[in-house]
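Reading the structure
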Amino acid sequence: MADETDDPTVPVVCPECGTETAVPIDDVADAVERHNDGVHDGETVAQVDPELAERVRDLVAEDLGLLGDPADD
């Protein structure tokens with residue numbers, strides 16, 4: 001059985017609070033929502049680290065073929 005500390009984590013940042021924390025990937029959505037609801041009256045302030053989110057979007061777009069093939073240019 002794998003140790004829970006081996007689970008991948010995702011950096012979550014809150015620029016308003018000046019905090020960053022690593023959250024297990026399965027808990028990210030709940031943790032962000034809980035923080036924003038409890039600390040920021042539901043306003044979307046805390047979020048997955050924007051650089052990581054952008055990289056994941058790029059990888060998904062590439063995987064789906066949405067970026068086109070650079071060799072075709």
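Residues numbered from 1 in each chain as written. Predicted model: local features only at pLDDT ≥ 70, side-chain atom pairs only at ≥ 80, totals over all residues. Heavy atoms only, no water.

Of note, Leu67 is situated in the segment after α2 (50–63). Accessibility expressed as a relative area gives 55% for Leu67, which makes it exposed. Residues contacting Leu67, with those up to four places away along its chain left out, are Asp58, Ala61 and Glu62. (Helix = DSSP H or I, 4+ residues; strand = E, 2+ residues; numbered from the N terminus. Buried < 20%, exposed > 50% of the residue type's maximum accessible area, 1.4 Å probe, protein only. Contact = heavy atoms within 4.5 Å.)

A few words now on α2. The terminal C-alpha atoms of α2 lie 20 Å apart, and with 14 residues this matches the ideal 20 Å at 1.5 Å per residue to within 8%. Just beyond α2, the residue with positive phi is Gly65, at close to 75°. (Expected span 1.5 Å × (residues − 1).)

What follows is about the side chain of His40. The residue His40 is located in the loop between α1 (28–39) and β3 (47–48) in this model. Relative accessible area serves as the criterion here: at 7%, His40 is assigned to the buried category. Discounting chain neighbours no more than four positions away, the residues touching His40 are Cys14, Glu16, Cys17, His35 and Val45.

This part is about the pairing of strand β2 (residues 19–24). As judged from the six bridges shared by strand β1 (residues 9–14) and β2, these two strands associate in the antiparallel manner. Residue pairing in the sheet places Val13 in a bridge with Glu20 of β2. Linking β1 back to β2 in an antiparallel pair, the connection comprises four residues, with Gly18 at a positive phi of about 75°. (Pairing = 2+ DSSP bridges.)

Moving on, we get to a nonpolar patch on the surface. Among the surface-exposed residues, Leu52, Val56, Val60, Leu64 and Leu66 lie close enough to one another that they form a single nonpolar patch of about 460 Å² accessible area. Along the chain, Leu64 falls in the segment after α2. Given the relative accessible area of 58%, Leu64 is considered exposed. (Patch = residues over 30% accessible without salt bridge, like charges linked within 9 Å, V, L, I, M, F, W, Y side chains within 5 Å. Areas by Shrake-Rupley, 256 points an atom, 1.4 Å probe, with all protein chains shown as cover. Salt bridge = Lys/Arg side-chain N within 4 Å of Asp/Glu carboxyl O.)

A contiguous patch of negative charge on the surface is contributed by Asp6, Asp7, Glu16, Asp26, Asp27, Asp30, Glu33, Asp37, Asp41 and Glu43. By secondary structure assignment, the location of Asp27 is in the loop between β2 and α1. We classify Asp27 as partly exposed; its relative accessible area is 37%. (Lys, Arg positive; Asp, Glu negative; His and termini not counted. Charge placed at Lys NZ, Arg CZ, Asp CG, Glu CD.)

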